[in-house]
Protein chains: 2
Amino acid sequence: MKIISLPARDQWKTYLKRPIEDQSHILSTAKDILEEVRMQGDDALRSLARKFHEPVLQDLMVSSEEIRQGEREVTDHLKQSIQTAYKNIKAFHEKQVTPIEVIETMPGITCWRKSVGIEKVGLYIPGGTAPLFSTVLMLGIPAKIAGCREVIMCTPPMKDGRVHPAILYAAKLVGITTIIKAGGAQAIAAMAFGTASVPVVHKIFGPGNAYVTAAKQLVQMQGVAIDMPAGPSEVCVLADETSHAGYIAADLLSQAEHGADSQVMLVSCDADLVQQVMVSLEQQLAALPRKDLARKALDNSRAFIVSNREEAIDLVNAYAPEHLVICCSNALQVADQIINAGSVFIGKFTPESVGDYASGTNHTLPTNGFSRAYSGVSVDSFVKKITFQQLSEEGLNNIAPTVMSMAEAEGMVAHSNAVRIRLESK
Amino acid sequence: MKIISLPARDQWKTYLKRPIEDQSHILSTAKDILEEVRMQGDDALRSLARKFHEPVLQDLMVSSEEIRQGEREVTDHLKQSIQTAYKNIKAFHEKQVTPIEVIETMPGITCWRKSVGIEKVGLYIPGGTAPLFSTVLMLGIPAKIAGCREVIMCTPPMKDGRVHPAILYAAKLVGITTIIKAGGAQAIAAMAFGTASVPVVHKIFGPGNAYVTAAKQLVQMQGVAIDMPAGPSEVCVLADETSHAGYIAADLLSQAEHGADSQVMLVSCDADLVQQVMVSLEQQLAALPRKDLARKALDNSRAFIVSNREEAIDLVNAYAPEHLVICCSNALQVADQIINAGSVFIGKFTPESVGDYASGTNHTLPTNGFSRAYSGVSVDSFVKKITFQQLSEEGLNNIAPTVMSMAEAEGMVAHSNAVRIRLESK
């Protein structure tokens, strides 16, 4: 982790760069995979699995017996934990449902919005180096609250051809029964175009590697919605002299262990603290099973020493982190000045990992600076808000002169006529 | 307008096709334009204007004197209309602001979401065949309500190099002062990458032709957010024997006049009504200034005769129209069964054009079937919802076993450590 002391503002952009690899090769590979799945459906899913040294399966769909078997294999302790997380995530997301509110903008003119669940949605749960059953909760719970009629899930199988039991258990808890064993860009293609085993969906959610991300961006160009663009995961910690160096090092490492391309940033006015964090990082790192990944991530990472708190806050907003841990005095007031972040963790008892699993907030968040313009996943992500309007005769009379004069000024005479004919022949 | 009588369900997809041209040529032209603007900035904007036979300007930025002059040229009657529309749109959109609600998911664990305006947004207002000052209201009002700090606008100048006075007046009313004379894909590129005259933005909004749409999709791949993908405008009218054929014809024409690539659809169980609408279409069409465009749009359009109301509703949902006019008995109950539409107009006194201008709802809506997964523009489109969480010591104690067991089951030991270290060394 490189220490950058008192960086000049015009240097920030350089220091805040993400470790993103060149996308062009990845995009072109993903494009080929998309085309193969579009043309050959399930056969392509099987032959691509073979090509990528994944298990090749006859049945792509997880059977109900496999789901029951998965449930039996999860320990009671883990089941209980997943249930607690489920309860908290559900409680937080249920409050995101927007009730209908009818507004009379003028006498006789009523307008309202109604949230309607997207009919068919697809969730992608990565396999790879970790079985992310927590992501099943983070995507499945809001999908169900939103009222999506068809929720399907794709996830790559383990080496033995099975799906990780905890993923199956979480899916069952959420109420997802259509689970397909497919991973990577090919899974995204299957949900976008449909195959014999995989139903077509209108929107695709979920994290994944660079190929998954590229595939999501490509199908988005073809009209399938996606949750958000994604990049490697990241955290930024804002700390001061009151912070506990060990806590901060632990938070940085919990992000660094995600992958070699993760990035962790520390911002502080206190040079001593930064030094203590560096020492603690080395101590804690040694004991981690994923220490090789974490160490690579630390190579992409920086600790900034800045001259005052305002500058620290500006630097954080310029970085626009996915996760922001505010571990300093007056943390709540600092939080109030954050304008670019995915999810914010306030105070010394709030490590990032509580939000990754169970505090209630969603962990599918905008990375790569996308928090400047994107929100994390919520119930909003799974609904369309359709607008409605109904005018009485009085309402139409009230608005008619306005609509007609604006339409005519735009040269839209037929727009005006649609009002006029209703006034003239009732 | 072709009449399709009793189409079989497996034929719907074919009949509901949109008149979308092949995008590959458009995408490649847009890509070249993007690259030119990225490399050459304002010079590219000027040389592209020359190439596309647009006025070539020294000053790309509209001066405050031009804005004042524009205001003087708008008639009082039109000003009043724009003010009325402004008031209604503002009233409807202000109710979309989400207040902060703090939720305690477990004792000692509080979570909330806060809406924060996207710092820098760019609005694109098309020129072309009509001066769409109404779009200035539809994008500018929610941007200001959302609290976006920097709202800029690009719009192509008229042949004399000026911006249409009504566009300037609407911008002034909304409070937008940074207005750049640039149109097409090059305007999108300028807002995405920045030039000497055009500030960089984080999200780009607004309708436009196929090149504008392609440019928006391309910059989205490069990390700039966009409001939604777009296609030609469209309306679907659901009518029955109680409907007034003249009203329906007028509504269809008000959409058809948008452009040759617009599409208008009629769905009814009543063959007689459909015939009457066809007659009325011909009568009303003759008097329209934009009749050539409208007639071409009608060539892309269809009237469906179906056997019952349920089938009519299913057909509408399968089409997923941008605008839906429900002009039949029990219109409100029908509206309740709509799951795919951008904006819905209920009852005989609610022509689509009231929503295009002044009822209060937004007219920037998902076309091309995108209403299956996308909402129209609203205040939501201009904010990020950042999540926050704060745990007390009690809260961390309550959630610790859950987080640690889930993290360890996912193989994420550092995630677990971030909790453990806080329990062990306080």
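Residues numbered from 1 in each chain as written. Chains lettered and ligands numbered in written order. Predicted model: local features only at pLDDT ≥ 70, side-chain atom pairs only at ≥ 80, totals over all residues. Heavy atoms only, no water.

## Thoughts on the relation of the copies chain B and chain A
Okay, step 1: Superposition of chain B onto chain A requires a rotation of 180 degrees combined with a translation of 0.0 Å along the rotation axis, giving an RMSD of 0.0 Å. Such a turn and shift between the copies fits a two-fold axis.
Okay, step 2: The share of interface residues of chain B whose copies in chain A are also at the interface is 99%, consistent with both copies meeting through the same surface. (Least-squares fit on C-alpha atoms with pLDDT ≥ 70 in both. Contact = heavy atoms within 4.5 Å.)

## Digging into the side chain of B:Glu257
Okay, step 1: Looking at the secondary structure, you find B:Glu257 in the loop between helix 9 (245-256) and strand 10 (263-268).
Okay, step 2: For B:Glu257, which is buried and forms no salt bridge, the nearest opposite charge comes from B:Arg290, at a distance of 4.4 Å.
Okay, step 3: Only 2.6 Å separates the side chain of B:Glu257 from the side chain of A:His415, close enough to count as a polar contact.
Okay, step 4: Beyond its immediate sequence surroundings of up to four residues, B:Glu257 is in contact with A:Gly411, A:Met412, A:Val413, A:Ala414, A:His415, B:Arg290, B:Leu293 and B:Ala294. (Helix = DSSP H or I, 4+ residues; strand = E, 2+ residues; numbered from the N terminus. Buried < 20%, exposed > 50% of the residue type's maximum accessible area, 1.4 Å probe, protein only. Lys, Arg positive; Asp, Glu negative; His and termini not counted. Salt bridge = Lys/Arg side-chain N within 4 Å of Asp/Glu carboxyl O. Polar contact = N/O pair within 3.5 Å; in protein donor to acceptor, adjacent residues only side chain to side chain.)

## Brief notes about the confidence of the model for chain A
Okay, step 1: Summing up the model confidence of chain A, the mean pLDDT is 95 and the portion of residues at 70 or higher is 99%.
Okay, step 2: Here the predicted complex scores 0.96 on pTM and 0.96 on ipTM. (pLDDT = per-residue confidence, 0-100.)

## Digging into the pairing of strand 11 (residues 302-305) of chain A
Across a regular strand the side chains alternate sides, sitting on one face of the sheet and then on the other.
All names here are of chain A.
Okay, step 1: Burial along strand 11 is two-sided: Arg302 and Phe304 and Ala303 and Ile305, pointing in opposite directions, are all buried.
Okay, step 2: Taken together, the four bridges between strand 1 (residues 2-5) and strand 11 define a ladder with parallel strand orientation. From the neighbouring strand, serine 5 faces strand 11, where its bridge partner is isoleucine 305.
Okay, step 3: Bridge count between strand 10 (residues 263-268) and strand 11: four bridges; the pairing is parallel. When the bridges of strand 11 are listed, methionine 265 appears paired with arginine 302. (Pairing = 2+ DSSP bridges.)

## Brief notes about the pattern of salt bridges
Okay, step 1: Scanning the entire structure with this criterion turns up 44 salt bridges over all chains.
Okay, step 2: Between A:Glu94 and A:Lys90 there is a salt bridge, with its nearest N and O atoms 3.4 Å apart. Here A:Lys90 and A:Glu94 lie together in helix 4 (residues 76-94), a separation of four residues that amounts to about one turn.
Okay, step 3: The partner of A:Asp380 in a salt bridge is B:Lys385, and the shortest N-O contact between them spans 3.1 Å. Placement of the pair is A:Asp380 in the loop between helix 14 (352-357) and strand 14 (383-391) and B:Lys385 in strand 14 (residues 383-391), with the two residues belonging to separate chains.
Okay, step 4: Residues joined in a network through salt bridges with shared partners are A:Arg113, A:Asp380, A:Lys385, B:Arg113, B:Asp380 and B:Lys385.

## Some words on the interface of chain B and chain A
Okay, step 1: Taken residue by residue, the interface counts 120 residues in chain B and 119 residues in chain A.
Okay, step 2: Of the roughly 10600 Å² buried at the junction of chain B and chain A (both faces included), carbon and sulfur atoms supply 61%.
Okay, step 3: Taken as a group, B:Phe349, B:Glu410 and B:Arg422 account for 8% of the area that chain B buries against chain A, more than any other trio of residues on that side.
Okay, step 4: Between chain B and chain A we count 10 salt bridges in total. (Buried area = accessible area lost by both parts, 1.4 Å probe.)

## Things to note about the packing of aromatic side chains
All names here are of chain B.
Okay, step 1: Scanning the model with the defined rule gives eight aromatic pairs over all chains in all.
Okay, step 2: Summarising the aromatic geometry, the rings of tryptophan 112 and phenylalanine 388 are spaced 5.6 Å apart at their centres and angled 10 degrees between planes, so their arrangement reads as stacked. Highlighted residues: tryptophan 112 in strand 3 (residues 109-117) and phenylalanine 388 in strand 14, separated in sequence by 276 residues.
Okay, step 3: For phenylalanine 388, a relative accessible area of 2% translates into the label buried.
Okay, step 4: Ring geometry for phenylalanine 370 against tyrosine 374: centres 5.8 Å apart, planes inclined by 85 degrees, an arrangement best described as edge-to-face. Accessibility assignment for this pair places phenylalanine 370 and tyrosine 374 in one class, buried.
Okay, step 5: The ring of tyrosine 319 is capped by arginine 18, whose NZ or CZ atom sits 3.8 Å from the centre of that ring. (Phe/Tyr/Trp six-rings, centres within 6.5 Å; stacked < 30°, edge-to-face > 60°. Lys NZ or Arg CZ within 6 Å of the ring centre and 35° of its normal.)

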